[in-house]
Structures are given as structure tokens and as C-alpha cells.
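Geometric and topological summary
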Amino acid sequence: MRIEKIINNNIISTRDDKGIELVAMGKGIGFGQRAGGEVEEGRIEKIFRLENIDDTEYFKNLLASLPIEFIRLSNEILSYAKETLGFELNSNSYLGLTDHINFAVERQRKGMVFSNALHDEIKLFYPNEYLVGKHALYLIENQTGCRLPEDEAASIALHIVNAEMNSAISTTFVITKMMREMMEIIEEKVGLSEKSEYPRDVLIANIKYLAKRLVSEEPLRGREDMLLHQFVKKNYPEEYILIDRVNRYIEERYQCFMTEEEKLYLVLNVKRVNDLYAR
């Protein structure tokens, strides 16, 4: 593997046999080297493929600015997430998580502590990713000696969710916030907020999929089943009015809307939960 460009002592640019640009990372991999030389492949710790990255120069510059120790940590955390959760990762995930860990450790050492406003929601909606975040806190403390607060498990979990969804962290944040607000409206109206023991996952799976579609995709109107619509509206009027209220709320708050099919499906889910657990 031939060196194309030295980015810094620990990062170099090269290409594979198909001409796709790669960035290779390893302690001292670029030290004393120059363009045209051969990479010592035994020193390579991580290779990033740049074919799916929009701004490769920005990626390389940001990667070069981050401490290699934190890039290693991110690699270990995301490898653990991939093994535990079973999903593929994009290279941008490493940068976002590395930058977050770098900043979190720096501010913790300075005594600056910030809370995560969505800690409880992330723990509820993404329990497996939250466990990865908890493991990440252990890895960070083990390798840096810095114990980050519990809220950071949720923040790291959000980066993991972002990697799963392949979306911007701001989009993942909005999806989670929307889910919380939809759940609050539904639980309060049907009295589920007072029944903490009810299995929320019955609703969460439906609302998670719905919120992701509403925020991440162009809202498309589904094919309306008039018979089902009439049946649901007639037989479950309270639940139908409730979901219509939820729909109006997200239209006003987020400028997106449910299809009629999605509304009916959510009505049926709420009716099922209400019948089983709210009485």
C-alpha cells in the first residue's frame, strides 16, 4: 500500500487497488515518511474508506485534529456496538463520537458538568444502545482515568442510534424529542402515565418507526381504507380523537403529518394497550 499524502504523524492517505481513497490510522504511521513510500501495514490500526463521505477534505482535517487515543476509544466503542447490536457503521460515526468524547473528557477535567435533557427518554426508547453507552463509560475511565457522569451514557447512546439510522445527530435528537412528546400526550390522556408497570414497548416500537419516518423522510399519504377508517372512527372514537390530536400537534410543532393509515394503526395500538393495561 503506497502513501499518497501524509496527513500527520499518525494518519496517512492512500488508495486501494480500485483507486478508492483510503485514510489509514496508526501510531507513528506517517512519522519520517513521505508521499510515494510504502505503508508499514503492520502499524495500521484503522482504515477509513472515503467513497461514501461527502466532504473528504473536511473529514481528513477533522480526523487529523482529534487525539489518536480518542479515535482508538471510538473504534473500540463502535466495534462493541456493532458486535452487540449487529449493524453496519459509516466513517462519519467515528468522527462524531470521537469529537464528543474528546470534549466530554476535557470539560469533565475542568469541572464543567452538563446534563442530558433527554437522558430518561434515551434510556427508555433505546435500552440496548444505552447499555453500550454504559460500557463506553467503563472503557473511557479505564483508558483515560476520567469517570464521566451517567448522563454521558445517554449522549453516547444517541451517537450509536445516529450511526444506526445513518442520520445527523440533530435529526436523531429531534426524533427522540418527538417520541417523548407523542408518548406524553397519549399516556396522559388514557391514564397510562400513572401505570409505570405497563409494558411501554407495545407503543414504543410503533412510535419509534413513525417518528423516524416523519422526521427523516418526505411524508407520503397512504392509501386510505375507507371501511377500516369508518370502523375505527365509529368503534374507537376516544382513541381516534386522541391520535388526531397527536397528529395536529406534530403538524404544528414539526410541520409533518401522519398518513391516514398510520393514524389508524396507532389508534389500534393505543386501544389494545388501553384495554389490556389501563383498567
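The structure under discussion appears in the preceding block.
Residues numbered from 1 in each chain as written. Predicted model: local features only at pLDDT ≥ 70, side-chain atom pairs only at ≥ 80, totals over all residues. Heavy atoms only, no water.

**Comments concerning the overall build of the chain**
Along the backbone of the chain there are eleven helices and four strands. Scored against the burial criterion, the 279 residues of the chain give a buried share of 47%. In the chain, the proportion of contacts linking residues at least 24 apart, taken out of those at least 6 apart, comes to 65%. Of the side chains in the chain, 37 bear a positive and 46 a negative charge, and the two mean positions are spaced by 1 Å. (Helix = DSSP H or I, 4+ residues; strand = E, 2+ residues; numbered from the N terminus. Buried < 20%, exposed > 50% of the residue type's maximum accessible area, 1.4 Å probe, protein only. Contact = heavy atoms within 4.5 Å. Lys, Arg positive; Asp, Glu negative; His and termini not counted. Charge placed at Lys NZ, Arg CZ, Asp CG, Glu CD.)

**A word on helix α5 (residues 127–144)**
For α5, which comprises 18 residues, the first-to-last C-alpha distance of 26 Å matches the rise-based estimate of 26 Å (1.5 Å per residue) to within 8%. Restricting attention to buried positions, one finds in α5 the residues E129, Y130, V132, G133, A136, L137, L139 and I140. Positioned one or two residues after α5, G145 has a phi angle of 75°, which is positive. (Expected span 1.5 Å × (residues − 1).)

**Observations concerning the layout of surface pockets**
The space that makes up the second largest pocket amounts to roughly 150 Å³. Looking at the second largest pocket, the residues that line it are H100, S115, N116, A117, S155, L158, H159, I169, S170 and F173. Secondary-structure elements contributing two or more residues to the lining of the second largest pocket are α6 (151–165) and α7 (169–190). (1 Å grid on protein atoms, 1.4 Å probe; cavity = no way out; pocket = protein on both sides within 12 Å on 5 of 7 lines; lining within 4 Å. Points joined across faces, edges and corners; volume = space filled by probe spheres on them.)

**Things to note about the nonpolar core**
In summary, soluble globular proteins display a tendency toward joint burial of nonpolar side chains. Formed by 72 residues in total, the largest nonpolar core has its most connected members in I77, M182, I186 and M258. In terms of residues, this core owes the most to one element, α6, which gives nine residues. With residues up to four places along the chain from it excluded, the contact list for M182 reads I207, L210, V246, I250, M258 and L266. If you look at the next biggest cluster of nonpolar residues, it comprises six residues, including I3, I12, A24 and I44. (Core = buried A, V, L, I, M, F, W, Y, C linked by side-chain atoms within 4.5 Å.)

**What about the packing of α7 against helix α8 (residues 201–216)?**
Direction vectors running N to C along α7 and α8 enclose 135°, while the axes themselves pass 9 Å from each other. When the axes of α7 and α8 are compared, the pair comes out oblique. Crossing geometry of α7 relative to α8 is assigned as right-handed. Taken together, the residues of α8 that come into contact with α7 (itself represented by T171, V174, I175, M178, M179, M182, M183 and I186) are L203, I204, I207, K208, L210, A211, K212, L214, V215 and S216. (Axes fitted to C-alpha atoms, helices over the stretch in contact; angles between N-to-C directions. Parallel < 35°, antiparallel > 145°, perpendicular 65-115°, else oblique. Left-handed = near helix turned anticlockwise from the far one by under 90°.)

**Some points on the environment of I47**
For I47, the position within the fold is in strand β4 (residues 46–49). In this structure I47 comes out as partly exposed when scored by relative accessible area, which is 35%. As for I47 and A168, which are separated by 121 residues in sequence, their C-alpha atoms are 22 Å apart. Each residue touching I47, except ones within four places of it in the same chain, is listed here: M1, L22, V23 and A24.

**A look at the pattern of salt bridges**
Counted under the stated rule, the structure contains 16 salt bridges. Two residues, E4 and R15, come together in a salt bridge whose shortest N-O distance is 2.8 Å. Placement of E4 in strand β1 (residues 3–8) and of R15 in strand β2 (residues 11–15) is noted, with a sequence separation of eleven residues between them. Among the salt bridges present, the one from K263 reaches D244, with a minimum N-O distance of 3.0 Å. Taken together, the residues span a long stretch of sequence, with K263 in helix α11 (residues 260–277) and D244 in helix α10 (residues 237–254) at a distance of 19 residues. (Salt bridge = Lys/Arg side-chain N within 4 Å of Asp/Glu carboxyl O.)

**Observations concerning the packing of α5 against α6**
Closest axis-to-axis distance for the α5/α6 pair is 7 Å, and the angle between their directions is 120°. In terms of axis orientation, α5 runs oblique to α6. Pair α5 / α6 crosses with right-handed handedness. On the side of α5, the interface is formed by E129, Y130, V132, G133, K134, A136, L137 and I140, while α6 contributes E152, A153, A154, I156, A157, I160, V161 and E164. Looking at side-chain class alone, the contact of α5 with α6 contains eleven nonpolar, one polar and four charged residues. (Nonpolar A, V, L, I, M, F, W, Y, C, P; charged D, E, K, R; others polar.)

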